Amino acid sequence: MGAAATLLSSLAGVPIAPAEAAVVIAHPDDETIGIGGQLRHLPGIALLHVTDGAPRGLEDARLYGFATWQDYAAARQRELTAAMEAAGIPAAKLLCLDVPDQQACRRLAAVARALAAQFAARQTRLVLTHPYEGGHPDHDATAFAVHAARRLLQRQGAAAPVIAEMAFYHLGPDGLVLQRFPSDEASPEIVLELDVPDWETKRRMLACHETQRRTLAPFTDRVERFRRAPAFDFARLPNGGRLYYDSYPWGLTGAEWPGLVAAAIAELELDPPPWP
């Protein structure tokens, strides 16, 4: 068994096949950052993107030479498809919920329900997703929705997947921290160093996301990190209240987050987190 397949079974706690796992991420390109070095070894794994990568304000679209958000979203989909082809992942394994970029936090309940339906239909046993870390609001919204989807399945008495995380970015005491988890001794890491073929594949994948070249340029670590997800209290701000996104106009401020979570929990009729 290769390192990538061993990774899935280690995170799930039981032997599983790639087809029983799903990668749930906020944006096209997040999959490449988080698990790009492993994907070529995981035929059959599903990738589900919550947003289409195109904010409805046109600043980003125009910055990259597009007149409309639709053109920008289409370009990002083409980039994603090319990156997945480089990893050997067919387009049939890609699914997008088409939530507008920077608006996932406004649709928490709807996204959670959609994910629960997907997990049940696919009989998903392991989900790899974002940590709850205050890096990007869509990342935190995706993390919440994955955990809430699992709780919905548990409430229904259905099989619920194990949740694991990939390392992205968060604000540390001295600035932005890339491809590391916030400290959490209760969740030990699995650290995989990419060999030359895997790193070259990941580099090709990163290059496919042409519109995001400047954003992705700092992600040069040849190590990928994974861990079982802690039981987060989503009613509290993550990362000790240090929020990277509070410095950017990304559709959310930390002050708004607790209210959005409370509303979603009430709509979904869930018990308060943290959830087991």
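Remember, predicted model here, so these are calculated numbers, not experimental data. (Residues numbered from 1 in each chain as written. Predicted model: local features only at pLDDT ≥ 70, side-chain atom pairs only at ≥ 80, totals over all residues. Heavy atoms only, no water.)

## Focus: the overall build of the chain
Alright, step 1. Looking only at helices and strands, one finds 9 helices and 9 strands in the chain.
Alright, step 2. With the C-alpha coordinates of the chain rotated into their principal frame, the extents come out at 45 × 45 × 40 Å.
Alright, step 3. As displayed, the chain has an accessible area near 11,600 Å², and 52% of this comes from carbon and sulfur atoms.
Alright, step 4. For the chain, the distance from the average site of its 26 positive side-chain charges to the average site of its 33 negative ones is 3 Å. (Helix = DSSP H or I, 4+ residues; strand = E, 2+ residues; numbered from the N terminus. Areas by Shrake-Rupley, 256 points an atom, 1.4 Å probe, with all protein chains shown as cover. Lys, Arg positive; Asp, Glu negative; His and termini not counted. Charge placed at Lys NZ, Arg CZ, Asp CG, Glu CD.)

## Re the nonpolar core
Alright, step 1. With 75 residues, the main nonpolar core has L126, L128, F144 and W257 as its most contacted residues.
Alright, step 2. Per element, the largest residue contribution to this core is 9 residues, and it comes from helix α6 (residues 137–155).
Alright, step 3. Formed by 6 residues, the second largest nonpolar core is a distinct cluster that contains A61, Y72, A73 and A75. (Core = buried A, V, L, I, M, F, W, Y, C linked by side-chain atoms within 4.5 Å. Buried < 20%, exposed > 50% of the residue type's maximum accessible area, 1.4 Å probe, protein only.)

## Digging into the pattern of salt bridges
Alright, step 1. Taken as a whole and judged by the stated rule, the model has 14 salt bridges.
Alright, step 2. Between D221 and R180 there is a salt bridge whose closest N-O contact spans 2.6 Å. Of this pair, D221 sits in the loop between α8 (213–216) and β9 (223–228) while R180 sits in the loop between β7 (175–178) and β8 (189–193), placing them 41 residues apart in sequence.
Alright, step 3. Each member of the salt-bridge network shares a partner with another, and the members are R180, E189, D221 and R225. (Salt bridge = Lys/Arg side-chain N within 4 Å of Asp/Glu carboxyl O.)

## Structural notes on the pairing of β7
Alright, step 1. Bridging between strand β6 (residues 169–172) and β7 involves 4 bridges; their strand directions are antiparallel. Paired with Y169 across the two strands is L178, which belongs to β7.
Alright, step 2. In textbook terms, the turn of a hairpin is the stretch between consecutive antiparallel strands, and for β6 and β7 this stretch comprises 2 residues. (Pairing = 2+ DSSP bridges.)

## Considerations on the side chain of E224
Alright, step 1. Summarising the element assignment, E224 is placed in strand β9.
Alright, step 2. At a separation of 3.3 Å, a polar atom in the side chain of E224 contacts the main-chain amide nitrogen of G36.
Alright, step 3. Excluding its chain neighbours within four sequence positions, the residues that come into contact with E224 are T32, I33, G34, I35, G36, G37, Q38, I190, V191, L192, L194 and K202. (Polar contact = N/O pair within 3.5 Å; in protein donor to acceptor, adjacent residues only side chain to side chain. Contact = heavy atoms within 4.5 Å.)

## Regarding the sheet that holds strand β3 (residues 94–101)
Alright, step 1. Overall, mixed pairing links the 7 strands, which are arranged β3-β2-β1-β4-β5-β9-β8 in an open sheet. Both edges of this open sheet fall to β3 and β8, since each of them pairs with a single strand only. Here the strands of the sheet are splayed against their neighbours by 25 degrees on average, with no regard to which way each runs. (Axes fitted to C-alpha atoms, helices over the stretch in contact; angles between N-to-C directions.)

## Describing α6
Alright, step 1. The terminal C-alpha atoms of α6, which comprises 19 residues, lie 27 Å apart, in line with the 27 Å expected from a rise of 1.5 Å per residue.
Alright, step 2. In terms of residue burial, α6 counts as a mostly covered element, since 17 of its 19 residues are buried. (Expected span 1.5 Å × (residues − 1).)

## What to know about the environment of A86
Alright, step 1. One can find A86 in helix α4 (residues 69–87).
Alright, step 2. On a C-alpha basis, the gap between A86 and P18 in space is 18 Å, while along the polypeptide they are 68 residues apart.
Alright, step 3. Dropping the residues within four chain positions of it, A86 is found in contact with T201, R204 and M205.

## Thoughts on the side chain of T32
Alright, step 1. Relative to the helices and strands, T32 is located in helix α2 (residues 30–35).
Alright, step 2. According to the relative accessible area criterion, T32 is buried, its value standing at 0%.
Alright, step 3. Looking at T32, its side chain comes within polar contact range of the side chain of E31, at 2.7 Å.

## Re the environment of M166
Alright, step 1. Along the chain, M166 falls in strand β5 (residues 162–166).
Alright, step 2. Sequence separation of M166 and T129 is 37 residues, and the distance between their C-alpha atoms is 6.1 Å.
Alright, step 3. The residues contacting M166, other than those within four sequence positions of it, are V23, I25, G34, I35, L128, T129, P131, F181, R225 and F226.

## Points about the packing of aromatic side chains
Each aromatic ring pair is summarised here by two numbers: the centre-to-centre distance and the angle between the ring planes.
Alright, step 1. Taken as a whole and assessed by the stated rule, the structure comprises 14 aromatic pairs.
Alright, step 2. Consider the rings of F234 and W275, whose centres lie 6.2 Å apart with planes at 40 degrees: the pair is tilted. Here F234 is found in the loop between β9 and α9 (257–268), whereas its partner W275 is found in the segment after α9, with 41 residues between them in sequence.
Alright, step 3. Judged by its relative accessible area of 0%, F234 falls in the buried class.
Alright, step 4. The rings of Y132, F144, F232, F234, W257 and W275 are connected pair by pair, giving a single aromatic cluster.
Alright, step 5. The lysine or arginine in question, R56, covers the ring of W69, its NZ or CZ lying 3.4 Å from the ring centre. (Phe/Tyr/Trp six-rings, centres within 6.5 Å; stacked < 30°, edge-to-face > 60°. Lys NZ or Arg CZ within 6 Å of the ring centre and 35° of its normal.)

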